[in-house]
Amino acid sequence: MFPLKHLSVSSVQLYLTCHAAWKARYIDRLVMPSNPPMAFGKAFHAALEAEHRGENSERALIAAWNAGDADLTASGQTLRPGKAHALALLDEYKARGLGGKLGEPERKFMLRLLTPSVPVMVLGYIDLVVPERRRFREFKTTSAATWTYTKIALERQLAVYGRAYQELYHHRVDCAEYVIFRTDIVQVDVIEAVPSAHGFRLFELEAEAMWQGVTAGNFEGCGRQNCAVCRLHVDRVPAGPDVTWGEKFA
Ligand SMILES: [Zn+2]
């Protein structure tokens, strides 16, 4: 049995989406190539972490953006949106009074599930916890109005991070703030949501299903065309030896 030391919200979600994609990432350790949206999100998160640690976030943003762009250049891509857009988003965040030295950025947690069927802990990093306000923040970068209150309320991440927060600080979280940064326009939205015990229970059930599948060796692909791993397999199907009709039926 492979050593699976912990789970994460995204790991469980990936397994439920596609068992083959999960195996590619967590067992075969295949690194999926980065793309501009992912690289931008990573760079912007680095800037926000610096901001809340009380450091120079503009400088951190430019450094992280340049590093992300250099990584993408290696695969012939360019980081978008550009630095000017990134800096404008950061300005808007601060203009809304959301910036400054605050709380604990990138707060790590290890959470034990209540179910005995999953023997490992859930590992995660909350983007920013602000225990004195009984709140935490998650940052999302997106190119369209994809984040709505309903989507966030249904997020397993919200429920699991809420539970993790409670274990860390021994009080319930009043509210989670999802801060949505638009990459197509200069707009910052804050959507507040309250983690639910029901959502956490659903996550536990999903983690149980995942653990059962993984230990049973079920790594079947989802077969979807928009799945990076399954599509890859389709692309990779060899054309096979050239067989003429005569040979085939000889
Ligand atoms: Zn798949």
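For the structure, check the block above.
Now for a quick tour of the structure. (Residues numbered from 1 in each chain as written. Predicted model: local features only at pLDDT ≥ 70, side-chain atom pairs only at ≥ 80, totals over all residues.)

Remarks on the overall build of the protein
No. 1: What the protein contains, in helices and strands, is 10 helices and six strands.
No. 2: For the protein, the spread of C-alpha atoms along the principal axes amounts to about 80 × 50 × 30 Å.
No. 3: Buried residues in the protein amount to 29% of all 250 residues.
No. 4: Taking contacts inside the protein between residues at least 6 apart in sequence as the whole, the part at least 24 apart equals 70%. (Helix = DSSP H or I, 4+ residues; strand = E, 2+ residues; numbered from the N terminus. Buried ≥ 20, exposed ≤ 12 C-beta atoms within 10 Å, placed from the backbone. Contact = placed C-beta atoms within 7 Å.)

Comments concerning the pairing of strand E4 (residues 135-142)
No. 1: By the bridge criterion, three bridges tie strand E3 (residues 121-130) to E4 in an arrangement that is antiparallel. Looking at the pairing, Val129 lines up with Phe136 of E4.
No. 2: The hairpin turn running from E3 into E4, its antiparallel successor, is four residues long, and Arg134 in that turn takes a positive phi close to 55°.
No. 3: Taken together, the eight bridges between E4 and strand E5 (residues 175-182) define a ladder with parallel strand orientation. Pairing of Glu138 across the sheet is with Tyr178, part of E5. (Pairing = 2+ DSSP bridges.)

Some details on the nonpolar core
No. 1: Formed by 51 residues in total, the largest nonpolar core has its most connected members in Ala43, Ala47, Phe136, Val160 and Tyr161.
No. 2: For this core, the leading source of residues is helix H3 (residues 36-52), giving seven residues.
No. 3: The residues touching Tyr161, leaving out its near neighbours within four places in the chain, are Gly124, Ile126, Phe136, Ala176 and Pro195. (Core = buried A, V, L, I, M, F, W, Y, C linked by C-beta atoms within 7 Å.)

Regarding the pairing of E5
Sheet faces and side chains relate simply in a regular strand, where the side chains alternate between the two faces.
No. 1: Of the strand pairs in this sheet, E5 and strand E6 (residues 188-193) are connected by six bridges, and their pairing is antiparallel. Paired with Ile180 across the strands is Asp189, a residue of E6.
No. 2: Turn length for the E5-E6 hairpin, with the two strands adjacent in sequence and antiparallel, is five residues.

In short, geometric facts, not functional conclusions.
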